[in-house]
Amino acid sequence: MLWQRYHYFSGKGRASTCGAVGGRWIGRLVSDMSKQTGLKVCVVGLGSMGMGVATSLLRGGFETIGCDVSEDAMTRFVASGGKAIGNPAEAARDADVVITVVVNAAQTEAVLFSAGAAAAMAKGGVVLSFATMGPDMARGLEERVEALGLGYIDAPISGGAGRAAAGELTIMGSGRPEAFDKVRPVLDAIAQKVYELGDRAGIGASFKIVNQLLAGVHIAAACEAITFAKALGLDIAKVYEVITASAGNSWMFENRVPHILEGDYAPRSAIDIFTKDLGIVSDIGRNLKFPLSIASTALQMFIMTSAAGMGRDDDASVARLLAQVTGLDLPEAPGTI
């Protein structure tokens, strides 16, 4: 039976992590508070989302080990007061909780099994899997993790890098109640909203797929709308002001159009993320024989943008593709030649 519990967390403390002094301060805070939390946590994947998760855990007083293929990412995490180890098995050694903040199911599987993170965990530990993936893949990972005597929570996330850094993510989770109970303090430190959507993996993944369908469509629509406004000869900054106060607004329009107005396409969330996620949506729809015509159109817009060389750029780059095709000039970042 599908069931749902909703937890709302608020009132988290905030601490500066700027510079070496901030890093030392966080380090002392972690040392002082780790005895209170009693949980050792390993975060594998220190990208824009994973870094926010890891630093939120540091603020919460957890002994936190970061792991990433990027030496630069690990150096930045250490500067914030954490510890970093490049090998997933070593990073996860005796960890009570391992959080995988990677791109997809294949990377999650590689971290947990090929690289040995799951086998290195403390007895009775829990894996929190944050990657967007199909529900069948989530159920398969759960089965393999539980075979090792560990808990597994299918826990895709939403909110963006800013909310990750603030410890205010939304988590769409499903897994056994005892696993949720064990990681409750961890969830409190990294999320504002935690939905417990079922007692087995796959349900959280399904909710996230619905979210990604909408998110991808809304990004594509926002990019199309703002470039269409440019084609009409409108002041697109004024269009943004008017639309965000009107019924046509969406969270994605409000969040992504400023990137276009500033000519800033540094990746907060990359084009290829939605090429992947809408691809999963499309695959599921085909298997269900369910028509997804709007999502399919959005997927093609992301694929075309990636093919044009912008796959690693911000997903608002769909607007750049449309501008190129139609001969429009969008704003450029200051200093751009």
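Before reading further, recall that the structure is shown in the block above.
Residues numbered from 1 in each chain as written. Predicted model: local features only at pLDDT ≥ 70, side-chain atom pairs only at ≥ 80, totals over all residues. Heavy atoms only, no water.

### Here's the deal with the overall build of the protein
Of regular secondary structure, the protein possesses 15 helices and ten strands. Per-residue burial for the protein yields a buried fraction of 49% across its 337 residues. The long-range fraction of contacts in the protein, counting pairs at least 24 apart against all pairs at least 6 apart in sequence, stands at 68%. Roughly 15,400 Å² of accessible area belongs to the protein as shown, and the carbon and sulfur atoms make up 56% of that amount. (Helix = DSSP H or I, 4+ residues; strand = E, 2+ residues; numbered from the N terminus. Buried < 20%, exposed > 50% of the residue type's maximum accessible area, 1.4 Å probe, protein only. Contact = heavy atoms within 4.5 Å. Areas by Shrake-Rupley, 256 points an atom, 1.4 Å probe, with all protein chains shown as cover.)

### Comments concerning a nonpolar patch on the surface
Together, Phe228, Leu232 and Leu234 give the surface a local cluster of nonpolar side chains, amounting to about 320 Å² of exposed area. Residue placement: phenylalanine 228 occurs in helix H10 (residues 203-231). (Patch = residues over 30% accessible without salt bridge, like charges linked within 9 Å, V, L, I, M, F, W, Y side chains within 5 Å. Salt bridge = Lys/Arg side-chain N within 4 Å of Asp/Glu carboxyl O.)

### Points about helix H3 (residues 71-79)
Since there are 3.6 residues in each turn of an α-helix, residues three or four apart along the chain are aligned in direction. Every buried residue belonging to H3 is among Ala73, Met74 and Phe77, and all of these are buried. The arc that holds every buried residue of H3, seen down its axis, measures 95°, which confines them to one face. Exposed and oriented more than 90 degrees from the buried face of H3 are Glu71 and Thr75. At its buried positions, H3 is contacted by helix H2 (48-59), strand E3 (63-67) and strand E4 (83-84). Residue serine 70 occupies the N-cap position of H3, its side-chain oxygen lying 3.3 Å from the main-chain nitrogen of aspartate 72. Within two residues after H3, glycine 81 carries a phi angle of roughly 110°, on the positive side. (Arc of directions from axis to C-beta. Polar contact = N/O pair within 3.5 Å; in protein donor to acceptor, adjacent residues only side chain to side chain.)

### A short note on the pattern of salt bridges
Counted according to the given criterion, the structure contains 15 salt bridges. One salt bridge in this structure joins aspartate 136 and arginine 139, with 2.5 Å as the shortest N-O distance. You can see aspartate 136 and its partner arginine 139 sitting in helix H7 (residues 135-146), three residues apart, about one turn around the helix. Take arginine 139: its relative accessible area is 38%, and that puts it in the partly exposed class. The closest approach of N and O atoms between aspartate 181 and arginine 184, which form a salt bridge, is 3.4 Å. Here aspartate 181 and its partner arginine 184 are both found in helix H9 (residues 177-190), three residues apart, which amounts to about one turn of the helix. Look at arginine 184 and you get buried, because its relative accessible area is 19%.

By themselves, these are just geometric observations and shouldn't be taken as functional.
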